[in-house]
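Fold and contact review
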Amino acid sequence: MKNDDVCRHRRLHLVTGDPARLRCRKCHLTIRVEELSAEFCPECFEKDGVKRNDFEKIEIREKGSYKYRCEDCGIMIEG
C-alpha cells in the first residue's frame, strides 16, 4: 500500500538510533558525524589553529523525539 491517505497506520515500527554525535574533548563542541567535514574539530581549528581530533561518541535523545515508520505505507510519524 503506497497511499497514506487510505492507510490506518496499524503496523508501526519504532525507529531507533538518533544520529550519532561527537564531542570534542578539548572545547566540548558537540557535532553530528555527518556535519564533520574534516577529521578534526572545526571549533578548535578556528579558535587555536590546531587540528584536534580527540572526540568521544555520544548519543543524544531529545525529549519526545521518537519516530515511527508505518510498515504498510512507509510514512514517518513523530511521537
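Residues numbered from 1 in each chain as written. Predicted model: local features only at pLDDT ≥ 70, side-chain atom pairs only at ≥ 80, totals over all residues. Heavy atoms only, no water.

In space, the three strands of this open sheet follow the order E1-E5-E6, with antiparallel pairing throughout. Only two strands of the sheet have a single partner each, and these edge strands are strand E1 (12-15) and strand E6 (76-78). Strand-to-strand, the axes of this sheet are offset by a mean angle of 35°, without reference to chain direction. Here E1 pairs with strand E5 (residues 67-70) via four bridges, running antiparallel. The residue bridging Leu12 from the neighbouring strand is Cys70, located in E5. (Pairing = 2+ DSSP bridges. Helix = DSSP H or I, 4+ residues; strand = E, 2+ residues; numbered from the N terminus. Axes fitted to C-alpha atoms, helices over the stretch in contact; angles between N-to-C directions.)

Attention now goes to the pattern of salt bridges. Scanning the entire structure with this criterion turns up five salt bridges. Of the charged contacts in the structure, one is a salt bridge between Glu56 and Arg23, with a shortest N-O distance of 3.2 Å. With Glu56 in strand E4 (residues 55-58) and Arg23 in strand E2 (residues 21-24), the pair connects residues that are 33 residues apart, well separated along the chain. By relative accessible area, Glu56 is classed as partly exposed at 25%. The salt bridge partner of Arg52 is Asp48, with a shortest N-O separation of 3.2 Å. (Salt bridge = Lys/Arg side-chain N within 4 Å of Asp/Glu carboxyl O. Buried < 20%, exposed > 50% of the residue type's maximum accessible area, 1.4 Å probe, protein only.)

Sheet strands pair by backbone hydrogen bonding; their relative direction is either parallel or antiparallel. Reading across from one edge, E3-E2-E4 is the order of the three strands in this open sheet, with antiparallel pairing throughout. Looking at which strands have only one partner, the edges of the open sheet turn out to be strand E3 (30-32) and E4. With direction set aside, neighbouring strand axes in the sheet form an average angle of 35°. The sheet contact formed by E2 and E4 spans four bridges and is antiparallel. Within E4, the position partnered with Cys24 by the bridge is Phe55.

Once that is clear, we can look at the environment of Ile31. Within the secondary structure, Ile31 sits in strand E3. Residues in contact with Ile31, not counting those within four places in the same chain, are Arg21, Leu22, Leu36 and Pro42. (Contact = heavy atoms within 4.5 Å.)

On to the environment of Lys51, then. By the secondary structure assignment, Lys51 is in the loop between helix H1 (42-48) and E4. By relative accessible area, Lys51 is classed as exposed at 56%. For Lys51 and Phe40, which are eleven residues apart along the polypeptide, the C-alpha to C-alpha distance reads 5.3 Å. Contacts of Lys51, omitting those with residues within four sequence positions, involve Phe40 and Phe45.

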